[in-house]
Amino acid sequence: MKLRDAINEYKQYMIVEKNYSPRTIDSYTRDLNKFAKFINQLSIEQVEDINKDHIYLYLKDLRNHLSANSVDRHMVTLRQFYLFLKREKIVDINIMSSFDMAKKEHPLPEVLSEEEIDELISSIEIVDFITSRNRCMLELLYGTGLRVSELCSLTMNQVNIKKQLIKCIGKGNKERMIPMNQQCSILLKDYIENYRNQFKPKCQNLFLNQHGKALSRNNFYHILQTIVDKSQLQKHVTPHTLRHTFATHLLEHDADLRSIQEMLGHSDISTTTIYTHVSQNKAIEEYQKLHPRSQKGRKKR
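Residues numbered from 1 in each chain as written. Predicted model: local features only at pLDDT ≥ 70, side-chain atom pairs only at ≥ 80, totals over all residues. Heavy atoms only, no water.

**A look at the overall build of the protein chain**
- The helix and strand inventory of the protein chain stands at 14 helices and three strands.
- Burial analysis of the protein chain (301 residues in total) assigns 42% to the buried set.
- Here the analysis covers contacts within the protein chain between residues at least 6 apart in sequence; of these, 58% occur between residues at least 24 apart.
- Entry remark: accessible area of the protein chain is about 17700 Å², with carbon and sulfur atoms responsible for 48%. (Helix = DSSP H or I, 4+ residues; strand = E, 2+ residues; numbered from the N terminus. Buried < 20%, exposed > 50% of the residue type's maximum accessible area, 1.4 Å probe, protein only. Contact = heavy atoms within 4.5 Å. Areas by Shrake-Rupley, 256 points an atom, 1.4 Å probe, with all protein chains shown as cover.)

Written out as structure tokens, the structure is:
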């Protein structure tokens, strides 16, 4: 089979069977088209004719002009592609199984303390429809652990104020129900009843821009940065910082790891376990700072 045809079949597989998001499909397809272009330059068209040496040359070429993280992403794409080819019996051998991902130390996520998150959110005084929207968005991100893309795509019928629940459509179009705290519910009710219509809505999205259309991720990044700059917080804060903070604070208050996994929408609990390391680090810092023997040892120095 021609490599281009195999890529098209894999694309249909991602759409129909895996139900991947358009963004994920575009990313995988873009990576594979880059791979096909390189392989075709070697005068190879049939996917069965590609061997380990060709893969090695391709990865070597990528490393000459891409970052390590970008190369890793291309490797992930190829690994998934070759799993598909082997499963569909398009190739006899999965040549990507011979290539290991480079092991990297992943930095622990940045989180805010309870005092810092309270300071950040409280810095937004609700005086109009803009500040009401902004306060609600931050309360929701910290109160539910939503991804920024999930927040921006929320529609009116996904929010149940009375039951204090949000129906979230996450990665792979997987649906999950997330509870809201009372503060979120009160603020959202006020926003929906008294402020949202002032945006002159042109769609059913919960959060709107000043043209009445759905808020984009870039819109939100800009809004968050403005809020952080106006607050007294001296930290770099991203939408994911709020998601990390949500999970870490729940864990510190003895929430079950499986429950956090469900709320975050992680398919694998190993992704969620990173927050145990954050909590452990904090516990060690608190011990060193507060334990009487540690304090005595510090004084002796």
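Right, picking up where we left off after that structure.
**What to know about the nonpolar core**
- By size, the foremost hydrophobic cluster in this structure holds 46 residues, and its most contacted members are Leu120, Leu138, Leu140, Leu188, Phe207 and Phe220.
- Secondary structure elements with two or more residues in this core: α5 (114-122), α6 (129-144), α7 (148-153), β2 (165-169), α8 (182-194), α9 (217-230), α10 (239-252) and α11 (257-264).
- Per-element tally for this core: the top contributor is α6, with six residues.
- With residues up to four places along the chain from it excluded, the contact list for Leu140 reads Gly145, Leu151, Leu154, Ile166, Met180, Cys184, Leu188, Leu206 and Phe207. (Core = buried A, V, L, I, M, F, W, Y, C linked by side-chain atoms within 4.5 Å.)

**Digging into the sheet that holds strand β3 (residues 175-179)**
- What the three strands build is an open sheet, ordered β1-β2-β3; its pairing is antiparallel. For this open sheet the edge positions go to β1 (159-160) and β3, each flanked by a neighbour on one side alone.
- Strand direction decides the pairing type here: β1 and β2, joined by two bridges, are antiparallel. When the sheet's bridge partners are listed, Val159 is paired in β2 with Ile166. (Pairing = 2+ DSSP bridges.)

**Considerations on the pairing of β3**
- Of the two faces of β3, the one lined by Arg176 and Ile178 is fully buried and the one lined by Glu175, Met177 and Pro179 carries no buried residue.
- Taken together, the five bridges between β2 and β3 define a ladder with antiparallel strand orientation. Bridging from a neighbouring strand, Ile166 pairs with Ile178 of β3.
- Taken together, β2 and the strand that follows it, β3, pair antiparallel across an intervening segment of five residues, in which Gly172 is found at a positive phi of about 65 degrees.

**Some thoughts on the packing of α6 against α9**
- Here α6 crosses α9 at 95 degrees, and the two axes come no closer than 11 Å. Classified by the interaxial angle, the pair formed by α6 and α9 is roughly perpendicular. Listed contacts from α9 to Arg133, Asn134, Met137, Leu138 and Leu141 of α6 are Phe220, Ile223, Leu224 and Ile227.
- Residue composition of the contact of α6 with α9, grouped by class: seven nonpolar, one polar and one charged. (Axes fitted to C-alpha atoms, helices over the stretch in contact; angles between N-to-C directions. Parallel < 35°, antiparallel > 145°, perpendicular 65-115°, else oblique. Nonpolar A, V, L, I, M, F, W, Y, C, P; charged D, E, K, R; others polar.)

**Looking at the layout of surface pockets**
- The computed volume of the second largest pocket comes to approximately 360 Å³.
- Contributions of two or more residues to the lining of the second largest pocket are made by α6 and α9.
- It is α9 that provides the largest number of residues to the lining of the second largest pocket, a total of six residues.
- In terms of residue class, the lining of the second largest pocket is built from five nonpolar, eight polar and three charged. (1 Å grid on protein atoms, 1.4 Å probe; cavity = no way out; pocket = protein on both sides within 12 Å on 5 of 7 lines; lining within 4 Å. Points joined across faces, edges and corners; volume = space filled by probe spheres on them.)

**Focus: helix α3 (residues 52-65)**
- Across its 14 residues, α3 extends 21 Å between first and last C-alpha, which sits within 8% of the 20 Å expected from 1.5 Å per residue.
- Those residues of α3 not exposed but buried are His54, Ile55, Tyr58, Leu59 and Leu62. Looking down the long axis of α3, one finds its buried residues gathered within 130 degrees of arc, a one-sided arrangement. Seen from the buried face of α3, the exposed residues on the opposite side, beyond 90 degrees, are Asp53 and Asn64.
- Looking at the buried residues of α3, the elements they touch are α2 (22-41) and α4 (68-87). (Expected span 1.5 Å × (residues − 1). Arc of directions from axis to C-beta.)

**Regarding the packing of aromatic side chains**
- Evaluation of the coordinates by the stated rule reveals 12 aromatic pairs.
- Relative to Tyr13, the ring of Tyr10 has its centre 6.0 Å away and its plane inclined at 25 degrees; by these criteria the two rings are stacked. Here the residue Tyr10 and the residue Tyr13 both occupy positions in helix α1 (residues 3-16), the gap between them amounting to three residues, near one helical turn.
- With relative accessibility at 2%, the residue Tyr10 sits in the buried group.
- Taking relative accessible area as the criterion, Tyr13 reaches 14% and is therefore assigned buried.
- Centroid distance Phe129 to Phe199: 4.7 Å. Interplanar angle 85 degrees. Geometry classified as edge-to-face. Placement of Phe129 in helix α6 and of Phe199 in the loop between α8 and α9 is noted, with a sequence separation of 70 residues between them.
- Accessibility expressed as a relative area gives 22% for Phe129, which makes it partly exposed.
- With relative accessibility at 2%, the residue Phe199 sits in the buried group.
- Each residue in the set Tyr10, Tyr13, Tyr20, Tyr28, Phe81, Tyr82 and Phe84 is aromatic and connected to the rest through ring pairs, giving one cluster. (Phe/Tyr/Trp six-rings, centres within 6.5 Å; stacked < 30°, edge-to-face > 60°.)

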